Amino acid sequence: MTVLPFALVPHQTGDLFGRESEFALLEELLDEIPERGGSLCLEGRAGLGKTSLMHWAGRAAMARGFEVWWAEGSLSERDIPFAAVGQLLTPVRDLTARLPRQMRAALDAALGFETTVPAAVDSVTAAFSELVRRLDGVLLLVVDDFQWVDAESAEVLTSSALATRAPGVGLLAACRPAPSSAWSAASAPRWPVHRLRPLSGALGRALVRKVNPTISEPVLNALVTAAAGNPLALVELPAAMSAGESRGAAPGADTLPLSPRLERVYSEQILALPADTRQTLLLAALDDGPPALMTHLAEEERTGLSAAEERGLIRTDPRTGTIRFRHPLIATTVLRLSTSSARRAAHLALAHQLNPNDDRYAWHMAAGLIGPDEEVAALLEGVAERALRRGSPNLAIQSHLLAAQLSTSLDDRARRLTRAAHVGANSLGSLQQASNLLAQARQAQPAALSTVQAATVAAHVLMSTTGELGTAHRMLAPAITSAIHPATRATTGVATTRGPNPVGTWLDPSADSGSATPAAVADALHHLLNLCLYASDDRLWATFDTVVAGLDLADLPDLQLRIDTLADPIRTASRALPRLDSAMAGLSERTDASRIGRVAMAALHLDRVDQVRALLLRQAKDAEAGGPVGPGILALSLLAIQCIKTGHWAEAERCARAGLALCEQSGYLLYTAPFEFSIAMLAAAQGNSEAAGRTCAHLLSWAVPRGVRIAQVYAAHAQTILALGAGDFDRAYREVTSVCQPGTFAPHLAWAIWMSLDVVEAAVLSQHPTEAAAHVEAMHAHQMGALSSRCALVLAGATAIAAPAFDPHLFEAALAVPDAGRWPFDLARIELRYGQGLRRARLTRDARHHLQNALASFEQLSARGWAEQARTELLATSRIKSTRAPTGADPLTAQERVVAHLAATGMANKAIATRLQISPRTVGAHLRNVFGKLGVRTRAALADALAGAQAGAQAGDVAGDVAGDVADAPAVEPGHATDAVPDSPAHPAPRESEPAGDARGRVRAAPARDGEAAS
């Protein structure tokens, strides 16, 4: 007979989060019981899943054919002898008929069926042991809440055959940790003990999401914090919330809706305490920092806490004066069991212990009030702004919301709700929460949405979720204009022609004084700048430039910095470099997330994002773990682009795909564009034309109808790289010139800085030397090399590539640029063109060195098309004389062999000519020679003829030479981590650039000729 207190239904291990090790341990116990017996005690606080694990073990044992007997300790039966033994044996009492009469009588006495003879522990133990020994089959005893099992039953279970690991008998118990005084020596379990741990934060978030998929981020954070990894709390708390509560703001500890199961866990113990002790616990539950509460307690109050400590509810430290609850839900239960008047009185008592300048003073005063109070509401606004500066946006939102509740006027209430929405949208990226708060502000005061702050939030939500940039601009620009002092507006309504006005003098005195602050208008301008960057529309930029031209931004340094480095950086960024470096040095983990993102974005086109990489990685990880989404999305986009530039392409793809998933999950559709660009760019650089084309097409189909014109630049950039790698230089020139005109840098197109090498390379290779030279001249005119080491490398490399005549010294100058090795893809491209030039100058040995360097870098990056170009050039540097070949050797010259190889792949004469930088007529001449020497008449037979020709003696000579050249290419140095952030891919060390004339085999003063035929 199997006795189970649960339904016989399947139960999968996946139903319990984070308990894989416990399931494995239970499986091991069940495996051991038939042959060796076994026992195990699961120890853990209430709600950690002990009972669920035991139910699973019981079902698994039954599935194996075990007998399963169940008992459960309880406080009400703790003083009743043999109560637990009775639970185990009463359902199977008929089995006692197998025992001798005396043993049967002992068990009957224990079970209460025999009252004439008292039950003795030794007799009951012996009878119980004999009963389980005589059973047919395997037995598992399951005893829950062992800490409440009566002493007699505990003695039977710990002294019977179970203690000697009798084969075929096992025991699984569960107990809560308790002070040593809570159990007698007899009742303490004597078996192996496994302690259950709380769930990790990530598992806790996943469990809450499973119970309530639509829960808002602030509520999710509050519940995970309150539950402290307790699975019961993580399941019961979200289940007990209404739909409105689960989608609202973060609840306080005294408003968490505890389910009946959670209340029962702790309420019985709390209600058994003296009233004075419960009042002290109420103060402790509401206290949230120094000075320690115990320093203000009388001696009798401190003594009263010992009862709570003995029950395992709290821990006290008389030395420091701290009182800590053993689980956050104990404090929550204390609050739930108190009256509202008692809580208000306790809050006021705590407030009077604090300095009025302490943020906690405002919180406790607010909690102690019954009605509105403008003075306390103003204090809370100060708390919110300080919290935001410390990088605590959740606390800032809660402070603004509480201030709104205490506001005495509808205007102030609407203003504070709008400010909360603004923080939610900017610092947390919670677009739905921001929309809800704006709706509440409009209900309080319909005119609230006409303020600059409300328009900023509304425009941010609109452009982020729909990409409708034109509509967002029509919403935001007039709001900024209306907040500016009339003296700064021209007849168009937005600007002045009399010069800039200092901050504070350009605000319209008729505008709402609470919302049209310099900071609010500056924030609106930040968003307008972002909008213009994505729109890439001259008309919108004209509006922005006109507004900004009428303002003195000296007191708004972050805005001035971003304008200088993002709006038109080729012309204005150099003057901002010292300010950018200073701003980045001042960032820390406590800096507001939105400011970290804004400063990091200012570093994008100046190639300095790595300086704040650790902060961005933290924001990205927080977002992926369920934290603030908006800052994480921006961080991932900046990291992906920087990793593309620095050659860490695997990490770039991981960041791009993680960011794209976050955007799609959270509704940030506009910001999918930079992630799709990164994915397309990586596919293009690695020669995956199908993936690059598909991603670009998807990007353009969504973005172009919505006016997100930067997407056209993104797509052209990726397609240019794809075409250059494939050797289709005419197409590359068409793609790059569709967005970047050679010889000029269009205003407000910051992306042109990154694409400048592409413009020059595509122009030179597609036979547009004049345009290439003009673009190099423009790069020099704007002193682009001063912006970053990458820009210096690109400028020097472009100068060498576009030179009218091949000049090794120009290429050497490019390779000698400091930190050139940080940009391996750009460096390899320059070395490839250098090697090509050296080969054509008959400096084959030096050409081979640089081509090998380029090939090694391209292969490490998996840039297949570029690597093939380097291999083709290396093939042409093989040591084959241009004389008649001996019998059995390859009859082709090096150049003929390269042309034949390309023709055999299906390339047309013009494409071969473009790839090798020779004329189509020369290609035709080479092919005529090849056909004659190999005895073929069509290209279809060329591949077989080439294979046959290489089967001779020359195959071993030349193939080994080329293979050895490639194999001898210098390997990239091993990687090393650039920072101590865990779980982030290590950055391989860049290949350092050496000064001219070093051991890299650069051009010598009098280079020796190798004697091979030049093209």
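Residues numbered from 1 in each chain as written. Predicted model: local features only at pLDDT ≥ 70, side-chain atom pairs only at ≥ 80, totals over all residues. Heavy atoms only, no water.

The name given to the protein in an unreviewed UniProt entry is LuxR family transcriptional regulator, and the organism recorded there is Terrabacter lapilli.

### Section: the overall build of the protein
Put simply, the rule reads: By the criteria applied, helices consist of DSSP H or I runs no shorter than four residues and strands consist of E runs no shorter than two, each listed in order from the N terminus. Buried residues are those whose accessible area, probed at 1.4 Å on protein chains only, stays under 20% of the maximum for their type, while exposed residues exceed 50% and partly exposed ones sit between those limits. To measure how exposed things are, a 1.4 Å probe is used in the Shrake-Rupley method; for residues, cover is taken only from the protein chains shown.
Of regular secondary structure, the protein possesses 47 helices and nine strands. When each of the 1015 residues of the protein is scored for burial, the buried share is 55%. Carbon and sulfur atoms form 54% of the exposed surface of the protein, whose accessible area is close to 41,300 Å².

### Details of empty space enclosed by the protein
What counts is decided by this rule: Both site types are read off a 1 Å grid over the protein atoms alone. A 1.4 Å probe that fits but cannot get out defines a cavity, while an open set with protein on both sides within 12 Å along at least five of seven lines defines a pocket; lining residues have an atom within 4 Å of a point. Grid points are joined across faces, edges and corners, and a volume is the space filled by probe spheres set on the points. When residues are sorted by character, Ala, Val, Leu, Ile, Met, Phe, Trp, Tyr, Cys and Pro go into the nonpolar class, Asp, Glu, Lys and Arg into the charged class, and all the rest, Gly among them, into the polar class.
Within the structure shown, the criterion is met by six cavities of 30 Å³ or more. Estimated volume of the largest cavity: approximately 660 Å³. Along the wall of the largest cavity there are 37 residues; nearest its centre are Asn-530, Tyr-534, Met-601, Leu-634 and Tyr-671. When contributions to the lining of the largest cavity are tallied by element, the ones reaching two or more residues are helix 19 (410-428), helix 21 (452-466), helix 23 (518-535), helix 25 (557-567), helix 28 (593-602), helix 30 (629-646), helix 32 (672-685) and helix 34 (710-726). Tallying contributions element by element places helix 30 first for the lining of the largest cavity, with seven residues. Its residues placed into classes, the lining of the largest cavity shows 24 nonpolar, eleven polar and two charged. Approximately 120 Å³ is the volume found for the second largest cavity. Lining the second largest cavity are 15 residues; nearest its centre among them are Met-681, Trp-754, Phe-825, Asp-826 and Arg-829. Those elements giving two or more residues to the lining of the second largest cavity turn out to be helix 30, helix 32, helix 34, helix 36 (756-765) and helix 40 (824-840). A breakdown of the residues in the lining of the second largest cavity according to their chemical character gives nine nonpolar, one polar and five charged.

### Focus on the confidence of the model for the protein
Parts of the model with low pLDDT should not have their predicted coordinates read in detail. To keep things clear, this is the line we draw: Across the chain, each position has a pLDDT score giving the predictor's confidence in that residue, from 0 to 100. Contacts are assigned to residue pairs that have any heavy atoms within 4.5 Å of one another.
Residues with a pLDDT of 70 or more make up 80% of the protein, whose mean pLDDT is 80. In this model, residues 953-1015 is a region of pLDDT below 50 whose contacts with residues beyond four sequence positions or in other chains number 122 contacts.

### A short note on the sheet that holds strand 2 (residues 67-72)
As a reminder of what qualifies: The rule for pairing is simple: two strands pair if DSSP sees at least two bridges between them. The axes are straight lines fitted to the C-alpha atoms, using for helices just the contacting stretch, and the angles between their N-to-C directions are given from 0 to 180°.
Reading across the sheet, the five strands line up as 2-3-4-1-5 and stay open at both edges, with parallel pairing between neighbours. In this open sheet, the two edge strands, each paired with only one partner strand, are strand 2 and strand 5 (193-195). Pairwise comparison of adjacent strand axes, ignoring direction, gives a mean angle of 15 degrees for this sheet. Taken together, the five bridges between strand 3 (residues 139-144) and strand 4 (residues 169-175) define a ladder with parallel strand orientation. Bridge pairing in strand 4 places Val-142 opposite Leu-172.

### Observations regarding the nonpolar core
Note the cut-off: Only buried residues count toward a nonpolar core, which is a set of Ala, Val, Leu, Ile, Met, Phe, Trp, Tyr and Cys residues joined through side-chain atoms within 4.5 Å.
Grouped together as the largest cluster of nonpolar side chains are 188 residues, with contacts concentrated most on Ile-480 and Phe-858. Looking at this core element by element, the count peaks at twelve residues for helix 23. With residues up to four places along the chain from it excluded, the contact list for Ile-480 reads Val-452, Val-521, Ala-524, Leu-525, Leu-528 and Val-547. One finds Ala-226, Leu-234, Ile-314 and Val-334 within the second-largest nonpolar core, a separate group that totals 37 residues.

### Digging into the pairing of strand 3
In terms of burial, strand 3 is largely enclosed, as six of its six residues are buried. Burial of strand 3 is two-sided: the residues Leu-139, Leu-141 and Val-143 facing one way and the residues Leu-140, Val-142 and Asp-144 facing the other way are all buried. In this sheet, strand 3 lies alongside strand 2 in parallel orientation, the contact comprising six bridges. Residue Trp-70 lies in a different strand from strand 3, and its bridge partner there is Val-142.

### Focus on the packing of helix 21 against helix 22 (residues 469-483)
Helix-helix packing: each pair is described by the crossing angle between the helix axes and the interaxial distance. Definition in use: Each angle receives one of four descriptions, namely roughly parallel if under 35 degrees, roughly antiparallel if over 145, roughly perpendicular if within 65 to 115, and oblique otherwise. The hand of a helix crossing depends on one turn: near helix anticlockwise from the far one by less than a right angle means left-handed, and clockwise means right-handed.
Running from N to C, helix 21 and helix 22 point in directions that differ by 165 degrees, and their axes come no closer than 9 Å. Between helix 21 and helix 22, the angle is such that the two are roughly antiparallel. At the point where helix 21 passes helix 22, the crossing takes the left-handed sense. Contact residues: Val-452, Ala-455, Thr-456, Ala-458, Ala-459, Leu-462 and Met-463 in helix 21; Leu-469, Thr-471, Ala-472, Met-475, Leu-476, Ala-479, Ile-480 and Ala-483 in helix 22. Its residues placed into classes, the contact of helix 21 with helix 22 shows 13 nonpolar, two polar and no charged.

### Quick word on the pattern of salt bridges
What counts here: The rule for a salt bridge is simple: a side-chain nitrogen of Lys or Arg has to be within 4 Å of a carboxyl oxygen of Asp or Glu.
Following the criterion strictly, the structure yields 42 salt bridges and no others. In this structure, Arg-657 and Glu-653 form a salt bridge, with 2.9 Å as the shortest nitrogen-oxygen distance. One end of the pair is Arg-657 and the other is Glu-653, both in helix 31 (residues 649-666) and four residues apart, which spans about a single turn. Using a relative accessible area of 29% as the deciding quantity, one classes Glu-653 as partly exposed. The shortest N-O distance in the salt bridge between Glu-690 and Arg-694 comes to 2.5 Å. Of the two residues, Glu-690 and Arg-694 both sit in helix 33 (residues 689-703), four residues apart, roughly one turn of that helix. Owing to a relative accessible area of 48%, Arg-694 belongs among the partly exposed residues under this scheme. A single network of salt bridges, built from pairs that share partners, joins Asp-607, Lys-645, Asp-758, Glu-761, Arg-790, Asp-826, Arg-829 and Arg-833.

### Structural notes on helix 42 (residues 864-875)
So the rule is basically this: Any helix carries an expected span of 1.5 Å times its number of residues minus one.
Its twelve residues place the ends of helix 42 16 Å apart at the C-alpha level, agreeing with the 16 Å of an ideal helix rising 1.5 Å per residue. For helix 42, the set of buried residues is Gly-865, Trp-866, Ala-867, Gln-869, Ala-870, Thr-872, Glu-873 and Leu-874.

### Concerning unusual backbone geometry
If you check the backbone angles, Ala-228 has positive phi at about 50 degrees while not being a glycine. Summarising the element assignment, Ala-228 is placed in the loop between helix 8 (217-227) and helix 9 (231-239). Residue class for Ala-228 comes out partly exposed when judged on its relative accessible area of 33%. Within the chain, Gln-767 stands out as a residue other than glycine whose phi angle is a positive 65 degrees. Counting through the fold element by element, Gln-767 comes out in the loop between helix 36 and helix 37 (769-781).

### Some remarks on helix 8
Most of helix 8 sits inside the fold, with nine of its eleven residues counted as buried. Turning to helix 8, its buried residues are Glu-217, Pro-218, Val-219, Leu-220, Ala-222, Leu-223, Val-224, Ala-226 and Ala-227. One or two positions beyond helix 8, positive phi appears at Ala-228, with a value near 50 degrees.

### A short note on the packing of aromatic side chains
The condition is simple: Planes of paired rings set the category: under 30 degrees apart is stacked, over 60 is edge-to-face and the rest tilted, where pairs are Phe, Tyr or Trp rings (Trp by its six-membered ring) whose centres lie within 6.5 Å.
With the rule as written, the count across this model stands at 16 aromatic pairs. Between Phe-23 and Trp-56, the ring centres sit 4.9 Å apart and the planes meet at 70 degrees, which makes this aromatic pair edge-to-face. With Phe-23 in helix 1 (residues 20-36) and Trp-56 in helix 2 (residues 50-63), this pair connects stretches of sequence that are 33 residues apart. Judged on exposure class, the residue Phe-23 and its partner Trp-56 are both buried. Put simply, the rings of Trp-649, Phe-825, Phe-858 and Trp-866 touch in pairs and so form one group of aromatic residues.

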